Amino acid sequence: MTFQQPRVETSPKVSDEIRQTTCYMCACRCGINVHMKTNEDGKKEVAYIEGNRDHPVNKGVLCAKGSAGIMQVNAPSRLKAPLKRVGPRGSGEFEEISWDEALEIAAGWLEPIRKDDPSKLAFFTGRDQSQSFTGFWAQNFGTCNYAAHGGFCSVNMATAGIYTMGGAFWEFGQPDWDHTKLFMLFGVAEDHDSNPIKMGLGKIKARGARVIGVNPIRSGYNAVADDWVGITPGTDGLFILALVHELMKAGKIDLDYLSRYTNAPVLVNQDPNSPDKGLFLRDDHGTPLVINRKTGKLAPFDMKGVRPDLGGSFKMGDVTHVSVFQLMAERYLKEEYAPEAVAERCGIPAKRIRAIAAELARVAFDEAFELDQEWTDFRGEKHDKMIGRPVAMHAMRGVSAHANGFQTCRALHVLQILLGTVEAPGGFRFKPPYPKPVEAHPAPHCRVTPNKPLDGPHLGFVHGPEHLALKSDGSPARIDKAFTWENPMSSHGLMHMVISNAHAGDPYKIDTLFMYMANMSWNSSMNTGGVIEMLTDKDESGDYKIPRIIYSDAYSSEMVAYADLILPDTTYLERHDCISMLDRPICEADGAADAIRWPVIEPDRDVRGFQTVLVQLANKMKLPGFTAEDGSAKWQDYADYIVNHERKPGIGPLAGFRGPDGDKSGRGEPNPEQLDKYIKNGGFFVEHIPAEASYFKPWNRAYQDWAVDLGLYDSPQPYLFQLYVEPMRKFQLAAEGHGDRQPPDHLRQRIKDTMDPLPIWYETDQQGNAGFTVNALTQRPMAMYHSWGTQNAWLRQLHGRNPLYLPTKLMRQHDLADGDWARVSSPHGEITVPVMEMAALNDNTVWTWNAIGKRKGTWGLQEDAPEATKGFLLNHLIHELMPPKGDGLRWANSDPITGQAAWFDLKVKIEKAGAPEDFTESQPILEPIKSPVGTGPKDLTWKVGK
């Protein structure tokens, strides 16, 4: 008898076709292969998503979120058609309308505003990745009231980085994974840049490099760190400056790097009676001056052959000028910055702080190395080697979302610079289009003229009081009060203050609130319950205090019910998108890169990509910038704009495949086949940096020339790192009474105290927090980036509910066990939630996952879904305003320098609420929302392909 081995197909074909595009399940923007099958009707459907191995960001790696993208395009919560509200706000009662009617309504609301006062439109967007385009639209509409979500995310990180060193973490730079031997993370949750960080951690740990995680919570990256520092929230800056103290005291700083590439040797006016006190000594051309060690005389910092003196001092008449470095030494060598002085507040023993400082010094200097690569600096000096300092750092929202976050982020950058690890091999490296000096960025603009475009870009970087967005009477020009004396350097705006200010009519009333992908009535707002009331509140005449609300989203989120007009967006696999060098590209430290998304499938609903809707609205209103001289529309949709828009001659949204033949990079005429070229190339474009330009980019002639050729700059932009930020001193001078533009008296002391040009630390405990002593934080899980993931059938299985995690000490103190319920209160509200013990947690900190808890009736979820019953938000305990101080003023719960939302300054009180059987749902319990899409089936199944 012969036995026949059965034939088994071990590699079945999973698809008929592969289409390559860019993931949108978080802001990582990995390349993906979307496997397609053809259904019975001959239409293509998504069968499977995997990573693109040729992509510069993820090199084939894909996380749970990315793989689960297939469930986003099949989610029952997807909006299906434009909607017009027919019931009261918050009722969820809508009727479906056509796109013609939707655009007619929107234009009918917006056109009178534009002709009368464009600032009556507040246009704010959430986590979209097309801010160069949405800003362009708002600028041509003419409103000054535009920004994106950065003001409540991590503006402190971005702004502090740009003012200090010309770029920042994550999108603007990355560790040198190939050479780093010590990697230190501060306040990094798992939702940002997850695949590159995971890949990088794997690479350096395989090489034996050490990882130090500084975070109150030991999850994710901190869980795999070799050393976890469970710091007290809000004290990171104090801890960092103690490290600076130890390094300076031991002389373990890179003096040569500081003298060549930073403003440490620049001279500063020390005359206490001078209106220029604290400002740089400059030559007739405005160039900061140093003492040349070779001659002992004054010299411009960029003069060929100059050797700046770090200990420089110069007397001009009766005025003494000393170097920035001398001011730093005088400050940070004081005992108030010693480990013993900060240990108790930081929750880190002094011995451990000193050990970390010693480790940083040992690796940076004892393990320094050289790359055999010649390069020439901006002064014309040739170097035959590149000196490596193998210490790299990375930080994110955890250190940023505090009222002292800007100064904390600055302190972290100063720490890196003192070690000589920024743009050196083994350290932190910029990604194009960075580095750029702060002067290369625009200043904010706010001059509104009826029926005209705004006078320039909305957002930017101020250089002094002259750039504040104030009206002629000194009142705020913007509805969010960005770029005012309340928060002068608010480079990303204050999205968390828009609804509150519009409701209060402070500084003025608006007519229409237009928002995109911003779940402001739930997890994207501080003070959730209060914001819901503001959105539905009416005046004495019975009209809504915020008269009109237009909202765009792809899903039936909590915010949908509170809008008057819904413009339904597509999912990310059904749209064109541009991840642009003008905005937030996907560059790596070794190359400039951008990418697209394109409709790999066609929508099965009556929806349109939001950016295309903006083009159509612009065309309907004939907005300048969108309209040709003959009155015709320049572009028909967003794809048309991506290809044919030029921000300036030869520079457009995409850098790749430019020119008539598609053979130009960076600069070149529009190419009608550009999108097809991207699609054939996997959805992305890369231009690699020459080897001699790889490091020391701010001062490297080869990099500067390469960047000019690519169109990143119009001319070389070498600059010094700003350990001392002179624009901040200009605001202090105004607060001291100098200059024509003066702050209101009630803000003078705060400006003097917080806007120090050298990094400082100050306490952020809210006034009114007496009795509320426990720190409370939220962070996002690695498997979920935003609300979108809540209704994802795969990701829900990972995080379907969220307990409040308490450290062992607090569990014992309050007689709590896993599954018990606790009452958690703050000066602003109260929640009752299930608790769980977590030992790897700061002793006085509680936390939970953000964006898991959902309101009943939303996201297509059943009313008994765990997210809607056991899930909850800490947002009910947070407020966009500080507790009243008795002065009649509204003080924003924000960083006083940038306006960054101070989410993580929350303090609470914990009490045991009762036995587990006494509770069935987390509290507060809000009434269910009626959803325009209803609820999804209990089981989500479908057949892919024939």
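Every value quoted in this text rests on a predicted model; they were computed, and no experiment measured them. Think of each chain on its own: its residues are numbered from 1, step by step along the sequence as written. Predicted model: local features are reported for residues with pLDDT of at least 70 only, side-chain atom pairs are reported and counted for 80 or more only, and whole-chain, interface and lining totals are derived from all residues. Hydrogens and waters are ignored; side-chain quantities use all the structure's heavy atoms.

A. Layout of the overall build of the protein. The helix count covers DSSP runs of H or I at least four residues long, the strand count covers runs of E at least two residues long, and both are numbered beginning at the N terminus. For the protein, the helix and strand inventory stands at 23 helices and 34 strands. For this measure, only C-alpha atoms enter the radius of gyration; the expected value for a globule follows 2.2 Å times N^0.38, where N is the number of residues. Against the 2.2 N^0.38 benchmark of 30 Å for 946 residues, the protein shows a C-alpha radius of gyration of 28 Å, consistent with a compact globule. Overall, the C-alpha framework of the protein stretches about 85 × 85 × 70 Å when taken along its three principal axes. Buried residues are those whose accessible area, probed at 1.4 Å on protein chains only, stays under 20% of the maximum for their type, while exposed residues exceed 50% and partly exposed ones sit between those limits. When each of the 946 residues of the protein is scored for burial, the buried share is 64%. Contact between two residues is taken to exist if any of their heavy atoms lie within 4.5 Å; hydrogens are not considered. Sequence separation of at least 24 residues holds for 70% of the intrachain contacts in the protein that already meet a minimum separation of 6. For the purpose of counting charges, residues Lys and Arg are taken to be positive, whereas Asp and Glu are taken to be negative. His and the chain ends are not included. Positions of charges follow a simple convention, taking NZ of Lys, CZ of Arg, CG of Asp or CD of Glu. Mean positive and mean negative side-chain charge positions of the protein (104 and 120 charges, respectively) differ by 2 Å.

B. Molecular detail of the packing of helix α7 (residues 236–250) against helix α10 (residues 339–346). Viewed as axis vectors pointing N to C, α7 and α10 meet at an angle of 160 degrees, and their least axial separation amounts to 9 Å. Between α7 and α10, the angle is such that the two are roughly antiparallel. Crossing of α7 over α10 shows left-handed handedness. Facing Leu238, Phe239, Ala242, His245 and Glu246 of α7, the residues of α10 in contact are Pro339, Val342, Arg345 and Cys346. Amino acid classes used here: Ala, Val, Leu, Ile, Met, Phe, Trp, Tyr, Cys and Pro are nonpolar; Asp, Glu, Lys and Arg are charged; the rest, including Gly, are polar. Tallied by class, residues from the contact of α7 with α10 come to six nonpolar, one polar and two charged. Only C-alpha atoms enter the line fits that serve as axes; for helices the fit covers just the stretch in contact. Angles between N-to-C directions range over 0 to 180 degrees. Each angle is binned into one of four classes, with values under 35 degrees roughly parallel, values over 145 roughly antiparallel, values of 65 to 115 roughly perpendicular, and all other values oblique. Note on convention: the crossing is left-handed when the near helix lies turned anticlockwise from the far helix by less than a right angle, right-handed when the turn is clockwise.

C. Main features of unusual backbone geometry. Residues Tyr434 and Pro435 are joined by a peptide bond in cis, for which omega reads 15 degrees. Geometrically, the link from Gln923 to Pro924 is a cis peptide bond, its omega value of 15 degrees lying close to zero. Examined against the element boundaries, Pro924 turns out to sit in the segment after β34 (907–914). Here the phi dihedral of Lys481 falls at roughly 60 degrees; this positive angle occurs in a residue that is not glycine.

D. Region of interest: the packing of α10 against helix α11 (residues 350–366). Relative orientation of the contacting elements α10 and α11 amounts to 110 degrees, with a least axis distance of 8 Å. Compared by their axis directions, α10 and α11 come out roughly perpendicular. In this structure, α10 meets α11 at a crossing whose hand is right-handed. When α10 is examined against α11, the residues Pro339, Glu340, Val342 and Ala343 are found in contact with a partner set consisting of Ala350, Ile353 and Arg354.

E. Spotlight on the nonpolar core. Side-chain atoms within 4.5 Å link the members of a nonpolar core, which is a set of buried Ala, Val, Leu, Ile, Met, Phe, Trp, Tyr and Cys residues. Met184, Phe186, Phe239, Met393, Leu804 and Ile910 are the most contacted members of the largest nonpolar core, which totals 186 residues. At nine residues, the largest contribution of residues to this core is made by α7. Dropping the residues within four chain positions of it, Phe186 is found in contact with Val214, Phe239, Ile240, Met393, His394, Ala395, Met396, Val399 and Leu412. One finds Ile105, Ala107, Val600 and Trp635 within the second-largest nonpolar core, a separate group that totals 111 residues.

F. A look at the sheet that holds strand β9 (residues 182–186). The parallel open sheet is built from four strands, whose spatial order is β11-β10-β9-β21. Each edge of the sheet is formed by a strand with only one pairing partner; in this case those strands are β11 (227–229) and β21 (391–395). Geometrically, the sheet is characterised by an average inter-axis angle of 15 degrees between neighbouring strands, direction not taken into account. The pairing of β9 with strand β10 (residues 210–214) spans five bridges and is classified as parallel. Its bridge partner being in β10, Phe186 is matched across the sheet by Val214. Between any two strands, pairing holds if DSSP finds at least two bridges.

G. Layout of helix α20 (residues 726–735). In terms of residue burial, α20 counts as a mostly covered element, since nine of its 10 residues are buried. Listing the buried residues of α20 in full gives Glu726, Pro727, Met728, Arg729, Phe731, Gln732, Leu733, Ala734 and Ala735. Looking at the buried side of α20, the elements it contacts are α5 (155–165), α13 (405–418) and α21 (745–754). Positioned one or two residues after α20, Gly737 has a phi angle of 105 degrees, which is positive.

H. Representation of the sheet that holds strand β15 (residues 313–316) within the structure. Read across the sheet, three strands follow the order β12-β16-β15 without closing on themselves; strand pairing throughout is antiparallel. One side of each edge strand has no neighbouring strand; the edge strands of this open sheet are β12 (267–269) and β15. When the angles between neighbouring strand axes are averaged without regard to direction, this sheet yields 30 degrees. Relative to strand β16 (residues 319–323), β15 is paired through four bridges, and the arrangement is antiparallel. Residue pairing across strands places Ser313 opposite Val322, the latter belonging to β16. Against the sheet, helix α9 (residues 324–332) makes contact with β12 and β16, and its axis sits at roughly 75 degrees relative to β16, the strand it touches most.

I. The environment of Glu17, seen in detail. Mapped onto the elements, Glu17 comes out in strand β1 (residues 17–22). Take Glu17: its relative accessible area is 27%, and that puts it in the partly exposed class. With 16 residues separating them in the primary sequence, Glu17 and Asn33 have C-alpha atoms 9.7 Å apart. Once you skip the residues sitting within four places of it in the chain, Glu17 turns out to touch Val34, His35, Met36 and Lys44. Side-chain polar atoms of Glu17 contact the side chain of Arg19, separated by 2.9 Å. Residues adjacent in sequence count toward polar contacts only when both atoms are side-chain atoms; beyond that, a polar contact is any pair of N or O atoms within 3.5 Å, and within protein one must be able to donate a hydrogen and the other to accept it.

J. Structural view of the environment of Arg548. The residue Arg548 is located in strand β24 (residues 548–552) in this model. Sequence separation of Arg548 and Gln270 is 278 residues, and the distance between their C-alpha atoms is 54 Å. Sequence-distant contacts of Arg548, that is, excluding residues within four places in its chain, are made with Arg89, Trp109, Asp511, Thr512, Leu513 and Asp564. Within the structure, Arg548 has its side chain in polar contact with the side chain of Asp511 (distance 2.8 Å).

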